[in-house]
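The chain contents come next:
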Amino acid sequence: MESFIIEGGHRLKGTITPQGAKNEALEVICATLLTTEPVRIKNIPDILDVNNLIILLQDIGVKVTRHHRGDYTFQADELNLSYLDSLQFVQKCSSLRGSVLLIGPLLGRFGKAIVAKPGGDKIGRRRLDTHFLGFKYLGAKFVRDPERDVFRIEAEQLKGCYMLLDEASITGTANIIMAAVTAKGTTTIYNAACEPYIQQLCHLLNAMGANISGIASNLITIVGVERLHGASHMVLPDMIEVGSFIGMAAMVGDGVRIKNVSLQNLGIIPDAFRRLGVKIQVEGDDLIVPYQPHYVVDSFIDGTIMTLSDAPWPGLTPDLISVLLVVATQARGSVLIHQKMFESRLFFVDKLIDMGAQIILCDPHRAVVVGHDHKMKLRAGRMTSPDIRAGIALLIAAMSSQGTSHIANIAQIDRGYEDIENRLNAIGACIKRVND
Ligand SMILES: CC(=O)N[C@H]1[C@@H](OP(=O)(O)OP(=O)(O)OC[C@H]2O[C@@H](n3ccc(=O)[nH]c3=O)[C@H](O)[C@@H]2O)O[C@H](CO)[C@@H](O)[C@@H]1O
Ligand SMILES: C=C(OP(=O)(O)O)C(=O)O
């Protein structure tokens, strides 16, 4: 198992460019299953989750050509669907959340799919009801296969209809859209998720011949088409990585430029950091986080304590709550962090408390952070990364702390951050990867 050894106190200065978005890449790669023709996708991040998904597609028979770094062509013209019945397939699905995104395109194109328990972060309950509900509306049927602990899902002909989702699930919406693009008739999805990941998926599908409107809203209309064809696509910069870099730059930066962020697709992410008092300048499509000796937490107009909480897009993504929390530990002022969507994502604050942060964990969803205003540095520590975003938050804490820290289980960080130690070391960090 690999770990990071982090020498704290080294300041970051210079330019860093975000990778392609993990969650978008997982969706658009799965969308390539919807056609026999080649689909070329650029700016695919070189991260564990995406690489594992690409291997899974190859196992199913998709031809994958790598042209350059991040630039791939996928062709799903000769698939080996019997692989879906293997134990190996079920095991591989259980190692990544993105595997759930295979269901929609397989059901849409072949009328059958296997729902194996997906992997991903252990950050609380992660139900799949919305996916099942959507497929059922389209006319699919489920049978449980107790031997392999999977569901078989089948439909002779999916039929478009109106559906109101029980919640705006990102992967649920992506799956339903991918199943519906070749369904008979028109599908209308209300309470659809509308993150840039979903918008980008819809743009790719339209380029492949689909007929989707309402993109970027929570009311999506899909007029079914006979078949899809090849296309090309560019993955957006990863907004969660951009947010993670803003957090690092605020806490340990001497002036950091985050290049080509696709500002219009960041939504309220920069404003969430601004509410903690972090200064962010915009120059073209770059963000600049200048050196700031203090950042002062804003308060609400009525004078009540600042609260940062997650919400479905265009609200604040839950994937940045852990980073915002760690940034708050050195702010001037107090903030209530409310992680509404996941119930086990804040437990990592125990590690920050060990490092000297002033945090009260009120319950699994809420923590009050009283910032040190840089008057007291966090102490270095030994910790384990429980999930991808707690992992990056602990890395930021370690970079800002006094002494040498050790973070184990960094495979969690590698799931979503490409070559992170070398990219951060290039702007001043001191992080070493070791094999324990
Ligand atoms: C591969 C991928 O794309 N993963 C993302 C996706 O996961 P994923 O699509 O699995 O997450 P969902 O959007 O389905 O839901 C995540 C959690 O939020 C809850 N929920 C969701 C929507 C809602 O309106 N109200 C609500 O309470 C769900 O019950 C669940 O507990 O979305 C999550 C929520 O943004 C992100 O953390 C993940 O990074
Ligand atoms: C929760 C996340 O990922 P996944 O859905 O892949 O577990 C995340 O990216 O923060």
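The structure presented is a predicted model; accordingly, all values stated were derived computationally and were not measured. (Residues numbered from 1 in each chain as written. Chains lettered and ligands numbered in written order. Predicted model: local features only at pLDDT ≥ 70, side-chain atom pairs only at ≥ 80, totals over all residues. Heavy atoms only, no water.)

(A) Geometry of the sheet that holds strand β6 (residues 112-115). The antiparallel open sheet is built from three strands, whose spatial order is β6-β8-β7. In the strand order of this sheet, the two ends are held by β6 and β7 (141-145), each with one partner. Between one strand axis and the next, the sheet turns by 25° as a mean value, whatever way the strands run. Bridge count between β7 and strand β8 (residues 150-154): five bridges; the pairing is antiparallel. Counterpart to Arg 144 in the pairing with β8 is Phe 151. Contacting β6 and β8, helix α4 (residues 103-110) crosses the sheet at an angle of about 155° to β6. Sheet contacts for helix α5 (residues 129-137): β6, β7 and β8; angle to β7, the most-contacted strand, approximately 130°. (Pairing = 2+ DSSP bridges. Helix = DSSP H or I, 4+ residues; strand = E, 2+ residues; numbered from the N terminus. Axes fitted to C-alpha atoms, helices over the stretch in contact; angles between N-to-C directions. Contact = heavy atoms within 4.5 Å.)

(B) Examining the site of ligand 1 more closely. Around ligand 1 sit 16 residues in total, of which Arg 97, Glu 167, Ser 169, Thr 171 and Asp 319 are the nearest. Between Asn 23 and ligand 1, the recorded distance is 3.0 Å, taken from a side-chain N or O atom to an oxygen atom. Taking Thr 171, its side chain carries an N or O atom lying 2.6 Å from an oxygen atom of ligand 1. Among the elements of the structure, α1 (22-31) and α6 (170-180) are those that each provide at least two residues to the shell around ligand 1. (Near = heavy atom within 4 Å. Polar contact = N/O pair within 3.5 Å; in protein donor to acceptor, adjacent residues only side chain to side chain.)

(C) Focus on helix α8 (residues 239-252). Relative to the 20 Å expected for 14 residues at 1.5 Å per residue, α8 spans 20 Å between its end C-alpha atoms, a close match to the ideal helical length. Within α8, 14 of the 14 residues are buried, which leaves it mostly tucked inside the rest of the structure. A distance of 2.9 Å separates the backbone nitrogen of Ile 240 from a side-chain oxygen at the start of α8, and that oxygen is part of Asp 238. (Expected span 1.5 Å × (residues − 1). Buried < 20%, exposed > 50% of the residue type's maximum accessible area, 1.4 Å probe, protein only.)

(D) Layout of the UniProt feature "binding site: phosphoenolpyruvate" (unreviewed entry) in the protein. According to UniProt, the feature "binding site: phosphoenolpyruvate" (unreviewed entry) maps to Lys 22 and Asn 23 in the numbering used here. Assignment of secondary structure puts Lys 22 in helix α1. If near-sequence neighbours (up to four positions away) are discounted, Lys 22 is found in contact with Pro 45, Ile 47, Asp 49, Val 50, Asp 238, Ile 388, Arg 389, Arg 415 and Gly 416. For Asn 23, the position within the fold is in helix α1. Relative accessible area serves as the criterion here: at 16%, Asn 23 is assigned to the buried category. (UniProt positions renumbered as here; feature names shortened; annotations may be inferred.)

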